[in-house]
Amino acid sequence: MMEENKIERKKRSLSLIQPTSIPTLGNYLGAMKGWPSFQEEYDTVYGVADLHSITVRQEPKKLRQQTMELYAMLLAIGLDPEKGILFVQSHVPAHSQLAWLLNCYTQFGELSRMTQFKDKSAQHSDNVNAGLFTYPCLMAADILLYQADVVPVGADQKQHVEICRDIANRFNGVYGNVFTVPEPVIQKNGARVMSLADPTRKMSKSDPNPKGTVYLTDEPNVIMKKFKSAVTDSEMSVRYAEGKDGINNLMTIYSAVTGDSFEKIEADFSGKGYGDFKVAVGEAVVEELRPVQEKFKQLMNDKVYLAECQKNGAEFASRIGNRTLNKAMKKIGFLL
């Protein structure tokens, strides 16, 4: 009878996002929109990964502002600090401490094969620093510190979870069962949003063309202007088909925001031009983001509340993280 009444612990999920800028519509529709529902299914840990952001030189005032804004945005999209942990990474020193330990259980060859290191080294050839190289060890520390069972990632981030699993298995092989070995969960339900200026490329914070990216804080008139100038094709038919990258992208966005199927969208806009469709997509996005933007502005005007949430989040995160860190240090042989 006791077994039947026993409450099974939820699996723990971890997601961190860098404060390199305000998230884009692509970030939101691709993953973030679904994060509040994760809090119902999982024991969630969400964080602003400010430590990760400094592999590229940051302007201090801007980094502080972007960290605060991103934290507020995570609350604005619906994350509830009463239902899960929401913290700023640098407020929990155990991340850096465990990362150093894991550096010593990670092979040079493993790190040198990481795709992101190769890509970032090419992009920032004037600053190929050691942090960029050992970045996966800090990411592994982020995950293992909280004994996360699952890590929701895009397909391009799966390699980081794989090396985290390798590090955890290696450490556990030497010292016993210290870390939970996480499973990557490839998010398939999120929309893959492309640049409005070049629909063959993903919408990105770093897009050199400002018309290509919609940010979650863009004013309605700015959003409408970007959608009205979105790249399409010369056919003037609203239908999803190969070779119609621009329209396919707009249909994907409209479907993700309204819930309408591609078939319904094609039927609703049959005989109408691209101009009408672009306006409809822009208006739908404006309405989708309106409550998020209103909540964001409210939060940014309440710095006391934000500071309190960050403090509480760091305390909850540290409570779990320090337990894992101490266990690992004790196994290695440190005096505690």
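Residues numbered from 1 in each chain as written. Predicted model: local features only at pLDDT ≥ 70, side-chain atom pairs only at ≥ 80, totals over all residues. Heavy atoms only, no water.

Asks: What am I meant to see in the packing of aromatic side chains here?
Replies: Aromatic ring pairs are described here by two measures, namely the spacing of the ring centres and the angle between the planes. The tally for this structure, following the rule as stated, stands at 12 aromatic pairs. With 4.9 Å between their ring centres and 65 degrees between their planes, Tyr105 and Phe171 make a pair best called edge-to-face. Here Phe171 lies in helix α10 (residues 158-175) and Tyr105 lies in the loop between α6 (94-103) and α7 (108-112), a separation of 66 residues in the sequence. Just as Tyr105 is buried, Phe171 falls in that class too. With 5.0 Å between their ring centres and 50 degrees between their planes, Phe171 and Phe179 make a pair best called tilted. Grouping residues by exposure puts Phe171 and Phe179 together as buried. (Phe/Tyr/Trp six-rings, centres within 6.5 Å; stacked < 30°, edge-to-face > 60°. Helix = DSSP H or I, 4+ residues; strand = E, 2+ residues; numbered from the N terminus. Buried < 20%, exposed > 50% of the residue type's maximum accessible area, 1.4 Å probe, protein only.)

Asks: Explanation requested: the packing of helix α11 (residues 220-228) against helix α14 (residues 274-300) in the structure shown.
Replies: When two helices pack together, you describe them by how their axes are tilted relative to each other and by the distance separating the axes. It is at 9 Å that the axes of α11 and α14 come closest, and there the two elements cross at 150 degrees. Between α11 and α14, the angle is such that the two are roughly antiparallel. For α11 against α14, the interelement crossing comes out right-handed. Across from Pro220, Ile223, Met224, Phe227 and Lys228 in α11, the residues of α14 making contact are Lys278, Val279, Val281, Gly282, Glu283, Val285, Val286, Leu289 and Gln293. (Axes fitted to C-alpha atoms, helices over the stretch in contact; angles between N-to-C directions. Parallel < 35°, antiparallel > 145°, perpendicular 65-115°, else oblique. Left-handed = near helix turned anticlockwise from the far one by under 90°. Contact = heavy atoms within 4.5 Å.)

Asks: Could you clarify how one ought to interpret the environment of Gly26 in this entry?
Replies: Among the structural elements, Gly26 can be located in helix α2 (residues 25-30). For Gly26, a relative accessible area of 15% gives the class buried. Each residue touching Gly26, except ones within four places of it in the same chain, is listed here: Val193 and Met203.

Asks: Even after reading the chapter, I still don't get unusual backbone geometry, so can you show me in this structure?
Replies: The residue Gln147 is not glycine, and still its phi comes out positive at about 50 degrees. Relative to the helices and strands, Gln147 resides in the loop between α9 (130-145) and β4 (150-153). A relative accessible area of 17% places Gln147 in the buried class. Phi at Met236 takes a positive value of approximately 65 degrees, unusual for a residue other than glycine. Following the sequence through the fold, Met236 ends up in the loop between α11 and α12 (245-258).

Asks: Before we go on, may I ask you to explain the nonpolar core in this structure?
Replies: A general tendency of soluble globular proteins is for nonpolar side chains to be buried together. Residues Trp35, Leu74, Ile77, Phe227, Ile253, Phe277 and Val285 are the most contacted members of the largest nonpolar core, which totals 58 residues. Filtering out sequence-adjacent residues up to four positions away, Ile253 remains in contact with Leu25, Leu29, Val193, Leu196, Phe227, Val281 and Val285. (Core = buried A, V, L, I, M, F, W, Y, C linked by side-chain atoms within 4.5 Å.)

Asks: Would you explain the confidence of the model for the chain in this entry?
Replies: In regions of low pLDDT, the predicted coordinates are not meant to be interpreted in detail. Per-residue pLDDT for the chain averages 91, and the proportion of residues at 70 or more is 96%. Confidence drops under pLDDT 50 across residues 1-7; counting only partners more than four residues distant or on other chains, this segment forms zero contacts. (pLDDT = per-residue confidence, 0-100.)

Asks: Sorry, what's going on with α10 here?
Replies: Since the α-helix advances by 3.6 residues per turn, residues separated by three or four positions end up pointing in the same direction. Its 18 residues place the ends of α10 26 Å apart at the C-alpha level, agreeing with the 26 Å of an ideal helix rising 1.5 Å per residue. The set of residues buried in α10 consists of His160, Val161, Ile163, Cys164, Arg165, Ile167, Ala168, Phe171 and Asn172. In the segment just after α10, Gly176 is the residue with positive phi, at about 100 degrees. (Expected span 1.5 Å × (residues − 1).)

Asks: Just checking my understanding: could you explain the state of the cysteines for this structure?
Replies: Where two cysteines share a covalent bond between their sulfur atoms, that bond is called a disulfide. A full pass over the atoms with the stated rule returns zero disulfides. No disulfide involves Cys164; its sulfur sits 9.9 Å from the nearest other cysteine sulfur, which is in Cys137. Using a relative accessible area of 0% as the deciding quantity, one classes Cys164 as buried. (Disulfide = S-S within 2.5 Å.)

Asks: Honestly, the pattern of salt bridges in this entry has me stumped. Any pointers?
Replies: One side chain can pair with another of opposite charge once the charged atoms of both are near each other. Scanning the model with the defined rule gives 17 salt bridges in all. Measuring nitrogen to oxygen at the nearest pair gives 2.7 Å for the salt bridge that ties Lys264 to Asp268. Note that Lys264 and Asp268 are positioned in helix α13 (residues 262-268) at a spacing of four residues, about one turn of the helix. Salt-bridge contacts for Arg290 lead to Glu287; the nearest nitrogen and oxygen are separated by 2.5 Å. Pair noted here: Arg290 and Glu287 are both in helix α14, with a separation of three residues, about one helical turn. Using a relative accessible area of 35% as the deciding quantity, one classes Arg290 as partly exposed. Linked through salt bridges whose partners overlap, the residues forming this network are Asp233, Glu235, Arg239 and Lys244. (Salt bridge = Lys/Arg side-chain N within 4 Å of Asp/Glu carboxyl O.)

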